[in-house]
Amino acid sequence: MITLENISTGEVFNGDELEFFVDDDTLIGEVFLDGDLIFQALDVLDDEQLEHELKIEFKLIEEEEDIFSDFNY
């Protein structure tokens, strides 16, 4: 489980998977959490720069990995 909080607004987002997308033509970067757009940045060249911009706007509250996910009960 990933929990992110927008530093400016206090809005909290929860999900399991972050995806980064940078459009090479427009240089607009988008971050999706479980398929929902949560952040956009202008003038980004790659995923690393987009991730850096995300960390300026959001703080990671919790990232939890289910250690039992590979076991069948």
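Here, the structure is the one placed above.
Residues numbered from 1 in each chain as written. Predicted model: local features only at pLDDT ≥ 70, side-chain atom pairs only at ≥ 80, totals over all residues. Heavy atoms only, no water.

Draft legend 1. Representation of the overall build of the chain in the model. Per the secondary structure count, the chain includes 1 helix and 6 strands. In the chain, the order of α-helices and β-strands from amino to carboxyl end is β-β-β-β-β-α-β. Within the span of the chain, comprising 73 residues, buried residues form 25% of the whole. For the chain, long-range pairs separated by at least 24 residues make up 33% of all intrachain contacts whose partners lie at least 6 apart in sequence. For the chain, the accessible area works out to roughly 5,500 Å², and carbon and sulfur atoms hold 46% of it. (Helix = DSSP H or I, 4+ residues; strand = E, 2+ residues; numbered from the N terminus. Buried < 20%, exposed > 50% of the residue type's maximum accessible area, 1.4 Å probe, protein only. Contact = heavy atoms within 4.5 Å. Areas by Shrake-Rupley, 256 points an atom, 1.4 Å probe, with all protein chains shown as cover.)

Draft legend 2. Focus on the side chain of threonine 3. Its place among the elements puts threonine 3 in strand E1 (residues 2-6). Looking at threonine 3, the relative accessible area reads 9%, which means it is buried.

Draft legend 3. Highlighting the side chain of glutamate 30. With respect to the helices and strands, glutamate 30 occurs in strand E4 (residues 29-33). The side chain of glutamate 30 is buried and forms no salt bridge, while lysine 55, the nearest opposite charge, is found at 20 Å. At 2.9 Å, the side chain of glutamate 30 forms a polar contact with the side chain of glutamine 40. Setting aside its immediate chain neighbours within four residues, glutamate 30 contacts Glu19, Phe20, Phe21, Leu37, Phe39, Gln40 and Leu50. (Lys, Arg positive; Asp, Glu negative; His and termini not counted. Salt bridge = Lys/Arg side-chain N within 4 Å of Asp/Glu carboxyl O. Polar contact = N/O pair within 3.5 Å; in protein donor to acceptor, adjacent residues only side chain to side chain.)

Draft legend 4. Representation of the nonpolar core. The biggest cluster of nonpolar side chains holds 13 residues, and the ones touching the most others in it are Val31, Ile38, Phe39, Leu50 and Phe58. Elements with a contribution of two residues or more to this core: E1, E4, strand E5 (36-41) and helix H1 (47-57). Ranked by residue count, the leading element in this core is E5, at 3 residues. Isoleucine 38 has contacts with Leu4, Phe13, Leu18, Val31, Leu33 and Phe58, leaving out every residue within four places of it along the chain. (Core = buried A, V, L, I, M, F, W, Y, C linked by side-chain atoms within 4.5 Å.)

Draft legend 5. Up close: the sheet that holds strand E6 (residues 58-63). Taken in spatial order, the 3 strands of this open sheet run E2-E1-E6, and their pairing is antiparallel. In this open sheet, the two edge strands, each paired with only one partner strand, are strand E2 (12-15) and E6. With strand direction ignored, the average angle separating the axes of adjacent strands in the sheet is 20°. Bridging between E1 and E6 involves 5 bridges; their strand directions are antiparallel. (Pairing = 2+ DSSP bridges. Axes fitted to C-alpha atoms, helices over the stretch in contact; angles between N-to-C directions.)

Draft legend 6. Summary view of the sheet that holds E4. Here 3 strands make up an open sheet; going across it, the order is E3-E4-E5 and the pairing antiparallel. Of all strands in the sheet, those with a lone pairing partner are strand E3 (18-22) and E5, marking the two edges. Adjacent strand axes in the sheet meet at a mean angle of 20°, parallel and antiparallel pairs treated alike. Taken strand by strand, H1 contacts E3, E4 and E5, and its axis lies near 120° from that of E3.

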